[in-house]
Amino acid sequence: MALNKQAVTSTIEGTGFEADKAFDGNLMSRWASNEGSDPEWIYVDLGSVQNISAVKLRWEAAYATQYKIQVSSDTGSSPVNWTDVNTTTNGDGGEDNITFAPQNARFVRMFGTVRGTSYGYSLYEFEVYAASTP
């Protein structure tokens, strides 16, 4: 649901590591935040409120050990009201498949609070999945 959607991030490491790289479907490109900084975040605008229940994070070597998945259904392009739908306290990088109770959301954010390395945060892909219907 997030493929090629508009994305925003707190920081980028430099040219070539922009937010949209985490939503382009290409496992060779990635978003990367500034090095050595907490917290950092990245969110995607799904374009309209959608019913979602899962995300997949494909981390580069610079991963989060502690982070939250947050959602917002704010109107406009700059959400301010976020709801935590998942909290991870023992992340180890690689691929994280996260499910949660179905949520109506336009925006979905990874909010990193503790880095797993001295670098920043970096995601090859940040995927968002619709809630399945019964």
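Everything below is about the structure printed above this text.
This text gives an overview of the structure that appears in the document. Counting restarts for each chain, with residues numbered from 1 along the sequence as it is written. In keeping with the predicted nature of the model, local features appear solely for residues at pLDDT of at least 70, side-chain atom pairs appear and are counted solely at 80 or more, and the whole-chain, interface and lining totals rest on all residues. Each side-chain value is worked out from all heavy atoms of the structure, with water and hydrogens disregarded.

1. Details of the pattern of salt bridges
Here's step 1: We count a salt bridge whenever a side-chain nitrogen from Lys or Arg sits within 4 Å of a carboxyl oxygen from Asp or Glu. Within this structure, the stated rule accounts for seven salt bridges.
Here's step 2: One salt bridge in this structure joins Arg-30 and Glu-60, with 3.7 Å as the shortest N-O distance. You can see Arg-30 sitting in the loop between β1 (7-9) and β2 (31-32) and its partner Glu-60 sitting in the loop between β3 (40-59) and β4 (64-72), a full 30 residues away along the chain. The pair formed by Arg-30 and Glu-60 is uniform in burial state, with each residue classed as buried.
Here's step 3: Glu-95 is the salt-bridge partner of Lys-56, the closest N and O atoms lying 3.8 Å from each other. With Lys-56 in strand β3 and Glu-95 in strand β6 (residues 95-115), the pair connects residues that are 39 residues apart, well separated along the chain. The helix count covers DSSP runs of H or I at least four residues long, the strand count covers runs of E at least two residues long, and both are numbered beginning at the N terminus. Note on classification: 1.4 Å probe, protein chains only; a residue is buried when its accessible area is under 20% of the maximum for its type, exposed when over 50%, partly exposed between these limits.

2. Regarding the environment of Ser-10
Here's step 1: Here Ser-10 lies in the loop between β1 and β2.
Here's step 2: Dropping the residues within four chain positions of it, Ser-10 is found in contact with Glu-40 and Trp-41.
Here's step 3: Throughout this description, a polar contact denotes any pair of N or O atoms lying within 3.5 Å of each other; where both atoms belong to protein, one of them has to be capable of donating a hydrogen while the other can accept it, and for residues adjacent in sequence the pair is counted only when both atoms sit in side chains. A polar contact of 2.4 Å, which involves the side chain of Ser-10, links it to the side chain of Glu-40.
Here's step 4: Only 2.9 Å separates the side chain of Ser-10 from the backbone nitrogen of Trp-41, close enough to count as a polar contact. In what follows, a contact means two residues having at least one pair of non-hydrogen atoms within 4.5 Å.

3. Considering the pairing of β3
Here's step 1: Pairing between strands is defined by DSSP: at least two bridges between the two strands are required. Relative to β3, β1 runs antiparallel, the two sharing three bridges. Note on β3: the bridge partner recorded for Ala-7 is Val-44.
Here's step 2: Two strands pair when backbone bridges link them, and β3 and β6 are joined in this way by 14 bridges, in the antiparallel orientation. Considered in β6, the bridge of Ile-52 is made with Gln-103.
Here's step 3: Examined bridge by bridge, β3 and strand β7 (residues 122-130) share seven bridges and lie antiparallel to one another. Looking across to β7, one finds that Lys-56 is bridged to Glu-127.

4. As for the environment of Glu-60
Here's step 1: For Glu-60, a relative accessible area of 19% puts it in the buried group.
Here's step 2: Along the chain, Glu-60 and Glu-35 lie 25 residues apart, while their C-alpha atoms are 13 Å from each other.
Here's step 3: Setting aside residues up to four positions removed in sequence, Glu-60 forms contacts with Arg-30, Ser-122, Leu-123 and Tyr-124.
Here's step 4: Of note is the side chain of Glu-60, whose polar atom sits 3.0 Å from the backbone nitrogen of Ala-62.

5. Things to note about unusual backbone geometry
Trans peptide bonds make up most of the peptide bonds, and negative phi angles are found at most residues other than glycine.
Here's step 1: For the peptide bond that leads from Asp-38 to Pro-39, omega is -10°, which places it in the cis range.
Here's step 2: In this structure, Pro-39 sits in the loop between β2 and β3.
Here's step 3: Non-glycine residue Asn-4 carries a positive phi angle of around 60°.
Here's step 4: Secondary-structure assignment places Asn-4 in the segment before β1.

6. Considerations on the packing of aromatic side chains
Here's step 1: Side-chain rings of Phe, Tyr and Trp, where Trp is taken by its six-membered ring, are said to pair if the distance between their centres is within 6.5 Å; with planes under 30 degrees apart they count as stacked, over 60 as edge-to-face, and otherwise as tilted. Applying the stated criterion to the full structure yields five aromatic pairs.
Here's step 2: A centroid spacing of 5.7 Å and a plane angle of 90° characterise the contact between Tyr-43 and Phe-107, whose relative ring orientation is edge-to-face. On the criterion of sequence distance, the pair formed by Tyr-43 in strand β3 and Phe-107 in strand β6 is long-range, its members being 64 residues apart. You'll find Tyr-43 and Phe-107 in the same group, each marked buried.
Here's step 3: Among the aromatic side chains, those forming a connected cluster through ring pairs are Trp-41, Tyr-43, Trp-82 and Phe-107.

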